[in-house]
Amino acid sequence: MNEERKPRERFLALDTSTAVLAAALMENETVLSESNSRTERNHAVHVVQALEDLMKEQHIERTEIGGIAVGIGPGSYTGIRIAVTAAKTLAWAWGVPVASVSSLEALAWGGIGSLKDNKKIGAASTDSGNQVKAEQVQYWVVPLMDARRGQAYTAWFEGYDGEKPMHRLEEDGIRLVEPWTEKLAEQYEQTEASSRPAGIIFAGEVSQHAETIEKLRDRLSCELVLMPYDMEGRYVGKLGAMKLKAGLHDDVHTLIPNYTQLAEAEANLLRKG
């Protein structure tokens, strides 16, 4: 491969699916610079400037950028359109690939990562004779973005220490929180004791649904954590960098946001309520 055709490994990342304008400048999967600001959903005014400021801070020219990662939602209808439009425009203008990532996956990864920083979750050590063995502690991670009227944009992941990507257990969707938490409780009860998680972490906009989530506590023998958490650009960047480095990217002309709709059965239930 010619030197000039080797992939550049500095990437921009952005997400506007929530009230936070989250942006990051990555080198491979390492964060060089990051900006996470609440702009009262006025993201369109600030999004390009936020990316330019990150590059200026690191003295990086646009010719050094090898790709752009963007959170495509689900989330705020207007918000996700802003990020996707900005990412597509810059990718086309600069001639670099664009990679879409799930905003909920980034939220979940950031949630467990933040909890690890606060509580030191992750590896547990057990002393067996003269040997100390590190064991991974498994968590279920449920990201939440409030969608009003008892609904949330949500998904379900299995994670460990907040350092590595998680395993997806349920696709992104907008769901009524009460039947959604009931489903999680039933799955927990049907899981063999040896395979149950050490805890279930609800991360993101949890305060709006705290009363519903707390009903789970009496049905669980594991830890239940309500983790208020705001989106961080670094996790959008990490997910995007992994895709871009692997040569996985989207068509800049056909990429669209994830406009998630409520399932028909739940929509009927909501109308009856």
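Preceding block: the structure.
Per chain, the residues get numbers from 1 upward, laid out in the order the sequence is written. It should be noted that, the model being predicted, local features are given only for residues of pLDDT at least 70 and side-chain atom pairs only at 80 or more, the latter also being counted only at that level, while totals for whole chains, interfaces and linings use all residues. Water and hydrogen atoms were dropped before computing side-chain values, which therefore reflect all heavy atoms in the structure.

Participant: What is the right way to look at the pairing of strand β3 (residues 30-38) in this model?
Facilitator: Taken together, the eight bridges between strand β2 (residues 20-27) and β3 define a ladder with antiparallel strand orientation. Counterpart to Ala23 in the pairing with β3 is Ser35. Pairing between strands is defined by DSSP: at least two bridges between them are needed. A run of DSSP states H or I qualifies as a helix once it reaches four residues; a run of E qualifies as a strand once it reaches two. Both are numbered from the N-terminal end. Linking β2 back to β3 in an antiparallel pair, the connection comprises two residues, with Asn28 at a positive phi of about 55°.

Participant: Could you clarify how one ought to interpret the sheet that holds strand β10 (residues 167-176) in this entry?
Facilitator: The strands making up a sheet associate through hydrogen bonds between their backbones, and the pairing can be parallel or antiparallel. The five strands are arranged β10-β9-β8-β11-β12 in an open sheet whose pairing can be described as mixed. On the outer flanks of this sheet lie β10 and β12 (223-228), each paired with one strand and no other. Across the sheet, the axes of successive neighbouring strands diverge by a mean angle of 15°, strand direction being ignored. Two strands pair when backbone bridges link them, and strand β8 (residues 139-148) and strand β9 (residues 151-159) are joined in this way by seven bridges, in the antiparallel orientation. By the bridge assignment for β9, Leu144 is matched with Thr154. Interaxial angles span 0 to 180 degrees and are taken between N-to-C directions of axes, which are lines fitted to C-alpha atoms, for helices over the stretch in contact.

Participant: Please clarify how the nonpolar core should be interpreted in this entry.
Facilitator: Grouped burial of nonpolar side chains is what soluble globular proteins tend to show. Counting residues in each nonpolar core, the largest one holds 37 residues, and the members touching the most others are Ile112, Val141, Met166, Ile201 and Met231. If you tally residues by element for this core, the top one is helix α3 (residues 103-119), at seven residues. Residue contacts follow a heavy-atom distance rule, with two residues in contact if any of their heavy atoms lie within 4.5 Å. Discounting residues that sit within four places of it in the chain, Val141 has contacts with Ala108, Ile112, Ala155, Trp156, Phe157, Gly159, Met166 and Ile201. As used here, the term nonpolar core means buried Ala, Val, Leu, Ile, Met, Phe, Trp, Tyr and Cys residues forming a set that is joined through side-chain atoms within 4.5 Å. Burial classification: accessible surface area is computed with a 1.4 Å probe over protein chains only, and a residue below 20% of its type maximum counts as buried, one above 50% as exposed, and the rest as partly exposed. Counting residues in each nonpolar core, the second largest holds 27 residues, with Val47, Ala50, Leu51 and Ala91 among its members.

In short, shape yes, function no, at least from these values alone.
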